[in-house]
Amino acid sequence: MPVKFGLWRVGSDSVEQVPTSAIASEERLEEIIEARIDILGLGNLFPVGRQVITDFGKRIDLLAIDGQGDLHVIELKKDRTPREVVAQALEYGFWIQDLSFEAIRELYAKHHQGDDFDSAFTSHFEGDLPEAINTSHHLVVVATGMDLSTEQIVEYVRAYGVPINVLFFEYLQDGDREYLARSWLTDPDLESPSGGSGKKQTPWNGVDFFVAVGENQHRNWDDMRRYGFVSAGHGD
C-alpha cells in the first residue's frame, strides 16, 4: 500500500498539522496536472489533449506522450478508486493501442487550436521525432485511495504485462496555500511490465542492458562505440 502523508507547519513556538482536504473537483485536479504534468513523476511528458473522446464515446482525462513516442493515459479520480475506473483505463488502453501517427497529430491539433504536433513535439523535447510512434503505452489512474480488491486487480493484471499503475495523492490547504503530495502503488522508476503476452515477465538477469538509442543527427551509434557512452532520449 502507498505511504500515508502528513504535513506539519513548524513555527517558532508551535507545530501544527496541516489538514488534508477534499479538492474542489476533478476538473481542478486536471487543471493542476495539465499545467505541471511533471507532478506525476513520470519524466518529461507532453500533453496531447484533455478530455479526449474515444471511438466508444468515453473521455480520457489526459492523454500525453513521452520523448520515445509512448502514449500515457492519465485517468483522474477525486475520490477513492473503484474497480470501474481500472476497467475504464483498460478500455482506454485498448483504444489507444492502435492509434496511428496521423490520428495522434489530429488529436493534438483538435485540442490545441490547430497547432502542428510535429513542431510542438520537437520544440518541447528539443530533438527529432522518433522513427516509430505509439509502439507502447502506459495507463495511470490518479486517486486519493484504493480498496484492497481494486489493488489486487491492478497487481494481478500488471503481473501479466498490462502497463497500468496507480498514483495516490493528498490535497492539503494551509490558509491560501494549496499542496499536492503523491506516492505510487508501484515505483515507476523500477522495471515496469510491458507487452501483453499473457505471461509473467522474465526477471532481469542482472547482466544485460538494452537501450533504444534512436539514432539520428544528434546521436550516432559509431560515436557511442568509439567513445564508450550511450546517449538516448532527452529526459532527465
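Residues numbered from 1 in each chain as written. Predicted model: local features only at pLDDT ≥ 70, side-chain atom pairs only at ≥ 80, totals over all residues. Heavy atoms only, no water.

(A) Quick look at the sheet that holds strand β3 (residues 45–53). Ordered by their spatial adjacency, six strands build an open sheet running β3-β4-β5-β6-β7-β8, and the pairing between neighbours is mixed. Sheet topology places β3 and β8 (177–184) at the edges, where each strand pairs with a single neighbour. With strand direction ignored, the average angle separating the axes of adjacent strands in the sheet is 25 degrees. Pairing between β3 and strand β4 (residues 59–66): seven bridges, direction antiparallel. (Pairing = 2+ DSSP bridges. Helix = DSSP H or I, 4+ residues; strand = E, 2+ residues; numbered from the N terminus. Axes fitted to C-alpha atoms, helices over the stretch in contact; angles between N-to-C directions.)

(B) A look at a negative patch on the surface. A cluster of acidic residues, Glu-131, Glu-215, Asp-222 and Asp-223, forms a negative patch at the surface. Relative to the helices and strands, Glu-215 is located in the loop between β8 and α6 (221–227). Owing to a relative accessible area of 45%, Glu-215 belongs among the partly exposed residues under this scheme. (Patch = residues over 30% accessible without salt bridge, like charges linked within 9 Å, V, L, I, M, F, W, Y side chains within 5 Å. Areas by Shrake-Rupley, 256 points an atom, 1.4 Å probe, with all protein chains shown as cover. Salt bridge = Lys/Arg side-chain N within 4 Å of Asp/Glu carboxyl O. Lys, Arg positive; Asp, Glu negative; His and termini not counted. Charge placed at Lys NZ, Arg CZ, Asp CG, Glu CD. Buried < 20%, exposed > 50% of the residue type's maximum accessible area, 1.4 Å probe, protein only.)

(C) Spotlight on the pattern of salt bridges. The tally for this structure, following the rule as stated, stands at ten salt bridges. With a shortest N-O distance of 2.6 Å, Arg-50 and Glu-30 are connected by a salt bridge. Of this pair, Arg-50 sits in strand β3 while Glu-30 sits in helix α1 (residues 26–35); the two residues are 20 residues apart in sequence, bridging distant segments of the chain. Taking the relative accessible area as the measure of exposure, Glu-30 reaches 5% and is therefore buried. Because the salt bridges share partners, they merge into one network encompassing Arg-9, Glu-16 and Asp-174.

(D) Representation of unusual backbone geometry. Even without being a glycine, Gln-51 presents a positive backbone phi close to 55 degrees. Tracing the chain through its elements places Gln-51 in strand β3. Taking the relative accessible area as the measure of exposure, Gln-51 reaches 25% and is therefore partly exposed. Residue Glu-126 is not a glycine yet carries a positive backbone phi of 55 degrees. Mapped onto the secondary structure, Glu-126 falls in the loop between α4 (117–125) and β6 (137–143).

So, to be careful, I would describe these as geometric facts and stop short of saying anything about function.
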